[in-house]
Amino acid sequence: MADDDDLPRQELREEEKREIAKWFLTNAPSGEIHYVAKDIRSVLMDESLYNAAVAEAFPVYNKAHFISLEMPNRSGDVLVTEFGEIGGGVEYLDPRTAQVAVVDHVKQVCTEVRPATDDELPSSYIEGFRVALDDELCKYVDESYPKGSCSVYCTVGKDVKGPGADFELVVVISAARHSPQNYCNGSWRSVWKIEFKDDLQVVEVKGKMQVGAHYFEEGNVQLDASHNCEDSTILQSAEDCALSVTNIIRHHETEYMTSLEESYSNLSDATFKDLRRKLPVTRTLFPWHNTLQFSLTRDISKELGIEK
């Protein structure tokens, strides 16, 4: 039977190489896509193929990670998200300043801004709810996330002129801490869909929280966790709704963060033990209370008959 090394190897097509490169780029940990791109470039050794891969991958990555970019006129930051995307994927609405930012995805910079048109903004009635929620949300994010950003978008019913119709707002919270010199990067991302149902006089809240962390000093350890939740409150004035929704977001995010901290503080005492057989083949339980009695070097030497 022929050895695998003797079999002829089929060269990957350019399309396959581009798709593989895109996968590595879009799955890069938070804040590390440029490092991955540098390695991809040296592996591909084809500039046109590399440019095609990054042109497709960077917009996907930037929107998935809700990256925050400073606008050139220093009027604030814009979040790159699917909810604020306009037109061909290079313009993104910043609802807070009513501006549209033009983004260079590969360089991850905002190149210019322009005023948003009336068609790109919600009605004054919806804007009242949006601004009230944005104000409360900013207070919460400033308290809870040292390097956090947030934005509130109207995604459904932006032309609603007054009570009597449904509409939807989306809250995006993004916080990242990048410290590659210390071999660690991390991010928090949450999306909250706020459905205002006029006929039921209720506001339904659906959230998704994502936590990512990468520690790579003398190893490669990654955390990628997510959690979904639902809640609701009654439909009130814009200010009262904003306060109620923000309190719901605060409650669920704090609860999820607390559960993560508890899970990982008990990792060595619970999770690692669960990875081992309850009763191993030797029928002898592992003495977790006294692990110092074991010496891997001594046991291997004994098995190999090389004891001194």
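Residues numbered from 1 in each chain as written. Predicted model: local features only at pLDDT ≥ 70, side-chain atom pairs only at ≥ 80, totals over all residues. Heavy atoms only, no water.

- For the protein, an unreviewed UniProt entry supplies the name F-actin-capping protein subunit alpha and the organism Acorus calamus.
- Per its UniProt entry, the protein bears the Subunit (unreviewed entry) comment "Heterodimer of an alpha and a beta subunit."
- Quoted verbatim from the Function (unreviewed entry) heading of the UniProt record, the comment on the protein is "F-actin-capping proteins bind in a Ca(2+)-independent manner to the fast growing ends of actin filaments (barbed end) thereby blocking the exchange of subunits at these ends. Unlike other capping proteins (such as gelsolin and severin), these proteins do not sever actin filaments." (UniProt positions renumbered as here; feature names shortened; annotations may be inferred.)

### Digging into the layout of surface pockets
Here is step 1: Roughly 560 Å³ of internal volume is contained in the largest pocket.
Here is step 2: Every element with two or more residues in the lining of the largest pocket is listed here: helix 4 (124-144), strand 8 (167-179), strand 9 (184-197), strand 10 (202-215) and helix 5 (238-265).
Here is step 3: At six residues, helix 5 tops the list of elements feeding residues into the lining of the largest pocket.
Here is step 4: Residues that form the lining of the largest pocket fall into these classes: twelve nonpolar, six polar and four charged. (1 Å grid on protein atoms, 1.4 Å probe; cavity = no way out; pocket = protein on both sides within 12 Å on 5 of 7 lines; lining within 4 Å. Points joined across faces, edges and corners; volume = space filled by probe spheres on them. Helix = DSSP H or I, 4+ residues; strand = E, 2+ residues; numbered from the N terminus. Nonpolar A, V, L, I, M, F, W, Y, C, P; charged D, E, K, R; others polar.)

### Topic: the pattern of salt bridges
Here is step 1: This structure, assessed with the given rule, holds 15 salt bridges.
Here is step 2: Between Lys-206 and Glu-195 there is a salt bridge, with the nearest N and O atoms lying 3.7 Å from each other. Here Lys-206, found in strand 10, pairs with Glu-195, found in strand 9; they are eleven residues apart in sequence, far enough to count as distant.
Here is step 3: For Glu-195, a relative accessible area of 18% puts it in the buried group.
Here is step 4: Here the residues in one salt-bridge network are Arg-18, Glu-19, Lys-22 and Glu-56, joined through shared partners. (Salt bridge = Lys/Arg side-chain N within 4 Å of Asp/Glu carboxyl O. Buried < 20%, exposed > 50% of the residue type's maximum accessible area, 1.4 Å probe, protein only.)

### Concerning the nonpolar core
Here is step 1: Leu-137, Leu-169, Val-171, Ile-173, Ile-194 and Phe-196 are the most contacted members of the largest nonpolar core, which has 36 residues in total.
Here is step 2: Contributions of two or more residues to this core are made by helix 4, strand 7 (148-156), strand 8, strand 9, strand 10, strand 11 (221-234) and helix 5.
Here is step 3: Per element, the largest residue contribution to this core is eight residues, and it comes from helix 5.
Here is step 4: Aside from chain neighbours lying at most four places away, what touches Ile-173 is Phe-66, Leu-137, Tyr-140, Val-141, Tyr-145, Ser-149, Cys-150, Trp-188, Arg-189, Ser-190, Ile-249 and Glu-253. (Core = buried A, V, L, I, M, F, W, Y, C linked by side-chain atoms within 4.5 Å. Contact = heavy atoms within 4.5 Å.)

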